[in-house]
Amino acid sequence: MVSQFGFVLLFFVSGILLVLLVLGIARLLRPSRPNPEKNAVYESGEETEGTAHVSFNLRFYIVALIFILFDVELVLLFPWATVFGDRQLFAETNGVWAIYAGGEMFIFVFILALGLLYAWKKGHLDWIKPAQKDNEFKSPVPGNLYKNINEKYS
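Notes on the structure in this doc start here. Within each chain, residues carry numbers counting from 1 in the order of the written sequence. At least 70 in pLDDT is required for a residue's local features to be given in this predicted model, at least 80 for side-chain atom pairs to be given and counted, and no such filter applies to totals for whole chains, interfaces and linings, which use all residues. In computing side-chain properties, one takes all heavy atoms of the structure into account and sets aside hydrogens as well as water.

**Section: the overall build of the chain**
No. 1: Strands here are runs of E lasting at least two residues and helices are runs of H or I lasting at least four, both read from the DSSP assignment and numbered beginning at the N terminus. When helices and strands are counted, the chain shows 5 helices and 0 strands.
No. 2: Across the chain, helices and strands are ordered from the amino to the carboxyl terminus as α-α-α-α-α.
No. 3: With 154 residues in all, the chain has 6% of them scored as buried.
No. 4: Restricting to contacts in the chain with at least 6 residues of sequence separation, those with at least 24 account for 59%.
No. 5: Accessible surface is estimated by sampling points in the Shrake-Rupley manner with a 1.4 Å probe; for residues, cover comes only from the protein chains shown. Accessible surface, the chain: about 13900 Å² in total, of which carbon and sulfur atoms supply 68%. Accessibility here uses a 1.4 Å probe with only protein chains present; expressed as a share of the type maximum, an area under 20% marks a residue as buried, one over 50% as exposed, and anything in between as partly exposed. Any two residues whose heavy atoms approach within 4.5 Å at even a single point are treated as in contact.

**A word on the packing of aromatic side chains**
No. 1: Each pair of aromatic rings taken from Phe, Tyr and Trp, with Trp reduced to its six-membered ring, is defined by centres within 6.5 Å and is described as stacked if the planes are under 30 degrees apart, edge-to-face if over 60, and tilted in the remaining cases. Per the stated rule, a full pass over the model turns up 2 aromatic pairs.
No. 2: Aromatic side chains tryptophan 97 and tyrosine 100 sit 6.2 Å apart centroid to centroid with 45° between the ring planes, which places their arrangement in the tilted category. Here the residue tryptophan 97 and the residue tyrosine 100 both occupy positions in helix 4 (residues 96–122), the gap between them amounting to 3 residues, near one helical turn.
No. 3: Look at phenylalanine 106 and phenylalanine 110: their rings are 6.0 Å apart centre to centre, the planes differ by 20°, and that puts the pair in the stacked class. With phenylalanine 106 and phenylalanine 110 both in helix 4, this residue pair falls 4 residues apart, about one helical turn.
No. 4: By relative accessible area, which is 45% here, phenylalanine 110 ends up partly exposed.

**Observations regarding helix 2 (residues 58–84)**
One turn of the α-helix equals 3.6 residues, which is why residues spaced by three or four share an orientation.
No. 1: A helix is expected to span 1.5 Å multiplied by its residue count minus one. An ideal rise of 1.5 Å per residue puts 39 Å on 27 residues; helix 2 measures up with 39 Å between its terminal C-alpha atoms.
No. 2: Regarding helix 2, the residues found buried are Arg59, Ile66 and Glu73.
No. 3: On the buried face of helix 2, the contacting elements are helix 4.

**Structural notes on the packing of helix 2 against helix 4**
No. 1: Running from N to C, helix 2 and helix 4 point in directions that differ by 175°, and their axes come no closer than 12 Å. By the criterion of interaxial angle, the relationship of helix 2 to helix 4 is roughly antiparallel. Here Ile66, Leu69, Phe70, Glu73, Leu76, Leu77, Trp80, Val83 and Phe84 of helix 2 lie close against helix 4, whose contacting residues are Trp97, Ala98, Ala101, Gly102, Met105, Phe108, Val109, Leu112, Leu116 and Ala119.
No. 2: For this scheme, ten residues count as nonpolar: Ala, Val, Leu, Ile, Met, Phe, Trp, Tyr, Cys and Pro. Four count as charged, namely Asp, Glu, Lys and Arg, and the remainder, Gly too, count as polar. Split by residue class, the contact of helix 2 with helix 4 holds 17 nonpolar, 1 polar and 1 charged. Between N-to-C directions, angles span 0 to 180 degrees; the directions come from axes that are lines fitted to C-alpha atoms, helices contributing only their stretch in contact. What sets the label is the angle itself: under 35 degrees gives roughly parallel, over 145 gives roughly antiparallel, 65 to 115 gives roughly perpendicular, and the rest give oblique.

Shown next, in the form of structure tokens:
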């Protein structure tokens, strides 16, 4: 007889095996014909360095982390404000609760502000556009064919 944890383990192993099986079959069946046109710049306008799978501006990641940092700060401020506004705690502690809770939140916001100031001073918030490079790819398709298609469907 299999225990409840055995069922969980069985589903976990079955899920991993199923995913690996489907990915393996897809790898065997899919076409793989890379060429310079497929690997050329697409929509972003930035020339890729190395493979196109890892080339992106690191500042996207840094700005996202700073956004998440301040988003978490706001999430933590709402419960604090709810507890801070409790009149019964003020009455029971003769106002000491307000000093303690206010000082605690001031320290929290001050540490986050120091982190923002540090990121600002280090230049992590400055958005520097990369210099545009000319794409050296020459398409075998004549340009007038693209022009005819654009005129036909516009």
